[in-house]
Amino acid sequence: ADSEGQRKQVLTELEARLQRTEDKTRAYQAKLANAQTKTKDLKSGIVSIFKNIGCQTGGEELNVTESTMLTYLGIIEQRANEIIQAHSSFIAHSQPSSKQPASTVLGAGPSAPVGSSNVEILPPSTAEERHSDEESDEEVDDRPLTRDELQARTLRNLSKRDSRNAQRRQRKK
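Residues numbered from 1 in each chain as written. Predicted model: local features only at pLDDT ≥ 70, side-chain atom pairs only at ≥ 80, totals over all residues. Heavy atoms only, no water.

Novice: Which parts of the structure should I look at to understand the pattern of salt bridges?
Specialist: For side chains of opposite charge, pairing can occur when their charged atoms come near one another. A full pass over the atoms with the stated rule returns 3 salt bridges. With its nearest N and O atoms 3.7 Å apart, the salt bridge here joins Arg7 to Glu4. Linking Arg7 with Glu4, this pair stays in helix α1 (residues 2-52), spanning 3 residues, or about one helical turn. Glu82 is the salt-bridge partner of Arg79, the closest N and O atoms lying 3.4 Å from each other. Taken together, the residues Arg79 and Glu82, both in helix α2 (residues 69-94) and 3 residues apart, mark about one turn of the helix. For Arg79, a relative accessible area of 28% puts it in the partly exposed group. (Salt bridge = Lys/Arg side-chain N within 4 Å of Asp/Glu carboxyl O. Helix = DSSP H or I, 4+ residues; strand = E, 2+ residues; numbered from the N terminus. Buried < 20%, exposed > 50% of the residue type's maximum accessible area, 1.4 Å probe, protein only.)

Here's what the structure looks like:
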C-alpha cells in the first residue's frame, strides 16, 4: 500500500513536471513565431529600402536571408551616405554667396586612417598575479574571502598589473 502511494506521488510529480515543460514549450514556440514575424518584416523592409534608394542589383532578384541581412544593410548604408553627400554638394553649389567652405557630411569617424596606428593589446595574465613573490602563504589558503578581503586583493592585483603595464610601455619606448 505504501509503495502504491509512492508511485502515485512520483506519477503526480512527473505529470506536473511534464505540464511545466509543455507550458515552457508553448511559450518558446510563441516567442519563435514572434521572432520569425519580425525577421520577415525586417527582410521585406530591407528589400523595399534597397529598391527605393536605387541600389544596384545587377538584374538579379533580391534574396534577403538572415545571413545576408547585414550585407544588404551595409549596402543600404553606403548608398544612403552617397545620397547625403550628393545632397550636401548640391546645397553647397546652389548657394554661391556662402563664403564658408562646404562642410563634409561624411568622414566624421576615427581621425586616424585604418591601419595607420599600431594598436597594442595587453591581455591580463593570471599566472603572474597568482605566483607573485609578494604574496604570503596566508593569502593562498582555500577558504572563501570576505567582501572586504576580496576588494583589497582585487585592488592590490589591479595596481600591480597597472604598474607592470606601465613598466612594459616604458621599456618599449
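Having seen it, we continue.
Novice: Teacher, can you tell me more about the nonpolar core here?
Specialist: Inside soluble globular proteins, nonpolar side chains tend to come together where they are buried. Core analysis: the largest hydrophobic core is formed by 8 residues, namely Ile46, Phe50, Cys55, Leu62, Val64, Met69, Tyr72 and Ile76. Sorting the residues of this core by element identifies α1 and α2 as the ones contributing at least two each. When residues of this core are assigned to their parent elements, the largest contribution, 3 residues, is made by α2. Dropping the residues within four chain positions of it, Ile76 is found in contact with Ile46, Ile49, Phe50, Ile53 and Cys55. (Core = buried A, V, L, I, M, F, W, Y, C linked by side-chain atoms within 4.5 Å. Contact = heavy atoms within 4.5 Å.)

Novice: Looking at this model, I keep getting lost on helix α4 (residues 147-172). Mind explaining?
Specialist: It helps to recall that an α-helix has 3.6 residues per turn; residues three or four apart then point in one direction. Between its first and last C-alpha, α4 extends 37 Å over 26 residues, near the 38 Å set by a 1.5 Å rise per residue. Burial in α4 covers these residues: Asn157, Lys160 and Asn165. (Expected span 1.5 Å × (residues − 1).)

Novice: In this structure, what is going on with α1? I would like to understand it.
Specialist: Here α1 contains 51 residues, and its C-alpha end-to-end distance of 75 Å stays within 8% of the 75 Å for a straight helix at 1.5 Å per residue. Every buried residue belonging to α1 is among Thr39, Ile46 and Phe50, and all of these are buried. Each element contacted by the buried residues of α1 is listed here: α2.

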